Amino acid sequence: MMRIRSSRTIGITFVIMASFAMMTSAPAMTAPNGITYDCDTAADHFSELVLPAPKGPFIVRGQVKVKAIAASEEYVPLTRLAIMEAPEKLGASSQNQAGFSLAALPAGKLGVKTKDKNAVLHFANWDERQAGSEVSHDLFPLADTQDARPFSLAYDGKSVVAQFAGQQQTMALDVDAPVVRLIFSTGEFLYTNLTIDAQ
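Residues numbered from 1 in each chain as written. Predicted model: local features only at pLDDT ≥ 70, side-chain atom pairs only at ≥ 80, totals over all residues. Heavy atoms only, no water.

### Looking at the side chain of Glu188
And then number 1: Here Glu188 shows up in strand S12 (residues 178-198).
And then number 2: Judged by relative accessible area, Glu188 falls into the buried class, the value being 16%. (Helix = DSSP H or I, 4+ residues; strand = E, 2+ residues; numbered from the N terminus. Buried < 20%, exposed > 50% of the residue type's maximum accessible area, 1.4 Å probe, protein only.)

### Topic: the nonpolar core
And then number 1: Counting 36 residues, the largest nonpolar core has Val60 and Leu81 as its most contacted members.
And then number 2: When residues of this core are traced back to their parent elements, those giving at least two are strand S2 (34-52), strand S3 (58-69), strand S4 (78-85), strand S5 (97-106), strand S6 (120-130), strand S9 (149-155), strand S10 (159-164) and S12.
And then number 3: No other element matches the 7 residues that S12 contributes to this core.
And then number 4: Excluding residues that lie within four positions of it along the chain, Leu81 makes contacts with Val60, Gly99, Phe100, Phe151, Leu153, Val180, Arg181, Leu182, Tyr191 and Leu194. (Core = buried A, V, L, I, M, F, W, Y, C linked by side-chain atoms within 4.5 Å. Contact = heavy atoms within 4.5 Å.)

### Details of unusual backbone geometry
It is generally the case that most residues other than glycine have a negative phi and that most peptide bonds are trans.
And then number 1: If you check the backbone angles, Ala131 has positive phi at about 50° while not being a glycine.
And then number 2: Take Ala131: it is sitting in the loop between S6 and strand S7 (133-135).
And then number 3: A positive phi is found at Asn193, a non-glycine position, where the angle reads about 50°.
And then number 4: When you line up the elements, Asn193 lands in strand S12.

### Looking at the side chain of Thr79
And then number 1: Within the secondary structure, Thr79 is located in strand S4.
And then number 2: A polar side-chain atom of Thr79 sits 2.9 Å from the main-chain carbonyl oxygen of Ile183.
And then number 3: A distance of 2.9 Å separates a polar atom in the side chain of Thr79 from a polar atom in the side chain of Tyr191.
And then number 4: In contact with Thr79, other than residues within four places in its own chain, are Val64, Phe100, Ser101, Leu102, Ile183, Phe184, Phe189 and Tyr191. (Polar contact = N/O pair within 3.5 Å; in protein donor to acceptor, adjacent residues only side chain to side chain.)

### Some points on the environment of Ala198
And then number 1: Position of Ala198 among the secondary structure elements: in strand S12.
And then number 2: Relative accessible area serves as the criterion here: at 54%, Ala198 is assigned to the exposed category.
And then number 3: In this view, Ala198 contacts Pro54, Pro57 and Phe58; residues no more than four positions away in its chain are not counted.

### Some remarks on the pattern of salt bridges
And then number 1: This model, assessed by the stated rule, comprises 6 salt bridges.
And then number 2: The shortest N-O distance in the salt bridge between Glu48 and Arg181 comes to 3.0 Å. Of this pair, Glu48 sits in strand S2 while Arg181 is found in strand S12, placing the two residues 133 residues apart along the sequence.
And then number 3: By relative accessible area, which is 7% here, Arg181 ends up buried.
And then number 4: Among the ionic pairs, Glu188 bridges to Lys67, the shortest N-O distance being 3.5 Å. With Glu188 in strand S12 and Lys67 in strand S3, this residue pair connects regions lying 121 residues apart in the sequence.
And then number 5: Under the relative-accessibility criterion, Lys67 is labelled partly exposed at 43%.
And then number 6: Taken together, the shared-partner salt bridges in this structure form one network comprising Asp38, Lys67 and Glu188. (Salt bridge = Lys/Arg side-chain N within 4 Å of Asp/Glu carboxyl O.)

The structure is reproduced here in structure tokens:
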């Protein structure tokens, strides 16, 4: 089973911190059903978007789509979305987080023969860290589709119930000041209808 390594902080970090009220009312940032965010990150670089979360239980919903991948010999094109403790500085690793990752690689690079020589295979994984250490989860391959994939992360103050690509995982998480962080590396990923709602 192929393992995906997270990208190191080697590129430009882009962070947006905004109040939740502004996020849900600013017409430039929102669509009728939530935020649309299209991030195109160059090969071997990474960027992030950090969004505030309401106090108490909340749920993150939306759809995500791989639009394009960049060629790289070192890094896997991927996006991550996770609930975590608010970082002390830009680009800092999280001690505790729970979410998912979506990665894409050319089939040829994986040694997989396909009719389309330019075929790209998509994989997902649960993105969990406990006390600064990554918790291992098995990758799950995704069906060959160009459609946006729905997801949800429900946080109750003690754990996150994550749903993505027909899979579900419960991960322990207890943080004082949660935020929602999206990470992008070596490709273009589109999030649509992204909402963060108190429960």
